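# Structure assessment
Below, each chain spelled out in residue letters.
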Amino acid sequence: MAEIVLERLSHSYFPNPSSTRDYALRNIELKWSDGGAYALLGPSGCGKSTLLNIISGLLNPTEGRVLFDKKDVTHLPPDKRNIAQVFQFPVIYDTMTVYDNLAFPLRNRGVDSQFIDQRVRAIASMLELDSRLSLRAANLAPDDKQKISMGRGLVRDDVNVIMFDEPLTVIDPELKWKLRSKLKELHQNISLTMIYVTHDQTEALTFADEVIVMQDGEIVQVGTPIELFERPLHTFVGHFIGSPGMNILPVEMTGNGVCFHGHPVALEGTATTKTGKFEIGIRPEFVKVCSSGIPAKVHKTADIGRHTVIEAQVGVSSVNVISSGPPPALGAHIHLEFIPEHTRLYADGWIASEGGSG
Ligand code: ATP
């Protein structure tokens, strides 16, 4: 296990990068504590795999350093980094039994057979594979095969870090939640540094204590799931996280506040800048339908079980509302209220209000 530090990492796949657009990663600064559970979250192409490959040693970064427990490993090959990796597709030996698959990484390192037996049985039990230990891996269902793959990563107790690269891609939706919570439980039982790479916010937020949100090769926010939900530092994070995401609405700065389509809106606190392209961010959970407020027209409704998502139109803007009341009729005229302590101001995409209690 190790503390991992990424120091001013940048990477370009071009031999002579000349502009920021030539870089797949830009100026990545991160410190991951020994034993922590982290997720790298971002849309396709934002640089997650590039970063993972730099940590595992498959890629040499154009600039910057990778440190494991303060030791510079930037140019060490993968086999010298002591990392376990679990990929999108199960990496197992079909002809071997489940037991032998799990034991393989330890036998390969000449570990004592008594320790191997103890460790294989402990990991198999955590993954609920203990009743299948003598079966051939070929005969198992895809989710069991992926559990073996995870088990092969987890069985070693001497790794610096275990990295999961979109490990639930091949798993059926109804089994995903089960494996997701299993991984979280495993992290609590085995204090290994774990990095989980995904474009799926639910996977990132349920697994990690701290989530790193990436966009276009840069980190836009590092935070706990609640911080990312409550106070996105950038409109991208607000919109990307949540279902539906944060409403990002254009506003005009007036002498004493902001106006949304001519209606004054109270913010969480004071604005920190007077210049830029201004927007407010308000989560659908914090927009209320009430008897007075901003006039809106119901455009769509969706019943999502305990709640209704109302898509309301205000001028040319769409505002999503999560409501627990009965769904209003399509075309109905309603009024909206934005809860001030959850109404953030953004300037050029970045948070520009402070002093809120929300
Ligand atoms: P995905 O979730 O689709 O795997 P990602 O977030 O992992 O995406 P990367 O695969 O790291 O993103 O890609 C980051 C950027 O680098 C993208 O613009 C991609 O096109 C580019 N890129 C990735 N690999 C190469 C390569 N071998 N050569 C040139 N460009 C590459």
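Placed above this text is the structure.
Let me sum up the structure you'll find in this document. (Residues numbered from 1 in each chain as written. Predicted model: local features only at pLDDT ≥ 70, side-chain atom pairs only at ≥ 80, totals over all residues. Heavy atoms only, no water.)

Attention now moves to the packing of helix α2 (residues 98–107) against helix α4 (residues 142–154). The interhelical angle for the contact between α2 and α4, taken along N-to-C directions, is 30°, at an axis separation of 7 Å. The orientation of α2 relative to α4 falls into the category roughly parallel. Pair α2 / α4 crosses with right-handed handedness. Contact with α2, carried on its side by Val98, Asn101, Leu102, Phe104 and Pro105, involves Ile148, Gly151 and Arg152 of α4 and no other residues of that element. Considering only residue class, the contact of α2 with α4 consists of 5 nonpolar, 2 polar and 1 charged. (Axes fitted to C-alpha atoms, helices over the stretch in contact; angles between N-to-C directions. Helix = DSSP H or I, 4+ residues; strand = E, 2+ residues; numbered from the N terminus. Parallel < 35°, antiparallel > 145°, perpendicular 65-115°, else oblique. Left-handed = near helix turned anticlockwise from the far one by under 90°. Contact = heavy atoms within 4.5 Å. Nonpolar A, V, L, I, M, F, W, Y, C, P; charged D, E, K, R; others polar.)

What follows is about the pairing of strand β7 (residues 161–165). As a general feature of sheets, a regular strand has side chains that alternate between the two faces. A large share of β7 lies buried, amounting to 5 of its 5 residues. Summarising the sheet, strand β6 (residues 83–86) and β7 pair through 4 bridges and their orientation is parallel. Residue pairing in the sheet places Gln85 in a bridge with Met163 of β7. Relative to strand β8 (residues 194–198), β7 runs parallel, the two being bridged by 4 bridges. Residue pairing across strands places Asp165 opposite Val197, the latter belonging to β8. Considered for its hand, the β-α-β crossover made up of β7, helix α5 (residues 173–189) and β8 is right-handed. (Buried < 20%, exposed > 50% of the residue type's maximum accessible area, 1.4 Å probe, protein only. Pairing = 2+ DSSP bridges. Right-handed = clockwise from strand over helix to strand, strands pointing away.)

Turning our eyes to something else, we now look at α2. Most of α2 sits out of view: 7 of its 10 residues are buried. Next to the buried residues of α2 lie α3 (113–126) and α4.

This part covers the site of the ligand. Inspection of the region around the ligand gives Tyr13, Ala24, Pro43, Ser44, Gly45, Cys46, Gly47, Lys48, Ser49 and Thr50 as its neighbouring residues. One of the side-chain nitrogen or oxygen atoms of Lys48 is found 3.0 Å away from an oxygen atom of the ligand. A distance of 2.5 Å is found between an oxygen atom of the ligand and a side-chain nitrogen or oxygen belonging to Thr50. Tallying contributions element by element places helix α1 (residues 48–56) first for the shell around the ligand, with 3 residues. Residue composition of the shell around the ligand, by class: 4 nonpolar, 5 polar and 1 charged. (Near = heavy atom within 4 Å. Polar contact = N/O pair within 3.5 Å; in protein donor to acceptor, adjacent residues only side chain to side chain.)

This part covers the side chain of Gln146. As for its position among the elements, Gln146 is in helix α4. Residue Gln146 is classed as buried on the basis of its relative accessible area, which comes to 0%. Setting aside chain neighbours within four positions, we find Gln146 in contact with Val86, Phe87, Gln88, Phe89, Pro90, Pro167 and Ile171.

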